[in-house]
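# Geometric and topological summary
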Amino acid sequence: MSEYAQPGGLPDKRQVAASFSRAAESYDAVAELQRSVGVQLLARLPASLQPQRWLDLGCGTGFFTRALAERYPSGEGVAVDIAEGMLRHARPLGGATHFIAGDAEALPLQCASADLLFSSLALQWCGDFQRVLSEARRVLRPGGVMAFSSLCVGTLQELRDSWQAVDGFVHVNRFRRFEDYQQLCAGGEMQVLALQHRAETLHFADLRSLTSSLKDLGAHNLNPGRPGGLTGRARIRALIEAYETFRQPAGLPATYQVVYGVLGKPR
């Protein structure tokens, strides 16, 4: 295992932060799935919630930081991301009072200092989700809400299966099982208000469009055990042939298994 590997084969967050920092300028142009999932997560927030202070954890380019500011104009916003490059991009665009570099597993916030923790498609990079839940409970006030979306096993399965047919190496990021999210959320000290997963499928004209999109998002393969060096032309041709077996009328599918969770801290 690489020295940068986290428990469970997840990629090291230093590599994650660097990758997303590099992708800050290109991210929004290809973030179709991220926008769709974030909008669905916003729709899952309790209608009665009126936070005095809210936290956008894994804020990225700040798209949902600004959406939260519009939704809760009287609340104070705090945007947190592990990628300095994302914060540099997001800060001038506004939406939050504070933009802070921080890790979901060790939040740089005081206890009982927020009423809402919103995190869309960021927590899949955390090696210790139990620690994430513990930190969320710590920073939330009694009655506060944690709303998150993440990814689970089955994400990019078409690409994973195609690579498996070619060389058997790890080319696709690993994710937790949905059952792990169920167990961890149920075993925590917050009330599970909602927890479900659903498939979201994007379509691409060809394999190059898909892989370019992943690179522009900063979400290309960051796993320990991934093959080093350049990928040979023969392997690329074989990958294209393998992936073409999945083609649908709309194009080549890329399926994401998205987890949506809403948790409440007891009063």
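Above this text sits the structure in question.
These lines cover the structure that appears in this document, whether it is placed above or below.

Parameters and conventions
- Residues numbered from 1 in each chain as written.
- Predicted model: local features only at pLDDT ≥ 70, side-chain atom pairs only at ≥ 80, totals over all residues.
- Heavy atoms only, no water.
- Phe/Tyr/Trp six-rings, centres within 6.5 Å; stacked < 30°, edge-to-face > 60°.
- Buried < 20%, exposed > 50% of the residue type's maximum accessible area, 1.4 Å probe, protein only.
- Lys NZ or Arg CZ within 6 Å of the ring centre and 35° of its normal.
- Helix = DSSP H or I, 4+ residues; strand = E, 2+ residues; numbered from the N terminus.
- Pairing = 2+ DSSP bridges.
- Axes fitted to C-alpha atoms, helices over the stretch in contact; angles between N-to-C directions.
- Parallel < 35°, antiparallel > 145°, perpendicular 65-115°, else oblique.
- Left-handed = near helix turned anticlockwise from the far one by under 90°.
- Contact = heavy atoms within 4.5 Å.
- Expected span 1.5 Å × (residues − 1).

All right, on to the packing of aromatic side chains then. Any aromatic ring pair is given by two values, namely how distant the centres are and how the planes are angled relative to each other. Evaluation of the coordinates by the stated rule reveals seven aromatic pairs. With centroids separated by 4.9 Å and ring planes inclined at 80°, the aromatic side chains of Phe63 and Phe64 adopt a geometry described as edge-to-face. Judged by relative accessible area, which is 30%, Phe63 ranks as partly exposed. One aromatic cluster is present, formed by Phe63, Phe64 and Phe118 through successive ring pairs. Above the ring of Phe63, the side-chain terminus of Arg35 is found at 3.7 Å from the ring centroid.

The next point concerns unusual backbone geometry. The backbone of Leu121 shows a phi angle near 55°, a positive value even though the residue is not glycine. Positionally, Leu121 belongs in the loop between strand 4 (114–120) and helix 6 (129–139). By relative accessible area, Leu121 is classed as buried at 12%.

In this section: the pairing of strand 7 (residues 252–264). Among the 13 residues of strand 7, 13 are classified as buried, and the element is accordingly described as predominantly covered. Where strand 5 (residues 140–151) meets strand 7, seven bridges bridge the pair, whose relative direction is antiparallel. Directly across from Ala147, in strand 7, lies its bridge partner Val262. The pairing of strand 6 (residues 191–204) with strand 7 spans 13 bridges and is classified as antiparallel. Considered in strand 7, the bridge of Gln191 is made with Gly264.

Interhelical geometry of helix 3 (residues 32–43) versus helix 4 (residues 63–71) gives an angle of 30° and a closest axis separation of 11 Å. Judged by the angle between their axes, helix 3 and helix 4 are roughly parallel. As helix 3 packs across helix 4, the resulting crossing turns out to be right-handed. Residues Gln34, Arg35, Gly38, Val39 and Leu42 of helix 3 touch helix 4, and the partners they reach there are Phe63, Phe64, Ala67, Leu68 and Arg71.

Looking now at helix 3. For helix 3, with 12 residues, the first-to-last C-alpha span of 17 Å sits near the 16 Å given by 1.5 Å per residue. Those residues of helix 3 that sit buried are Leu33, Gln34, Val37, Gly38, Gln40, Leu41 and Leu42.

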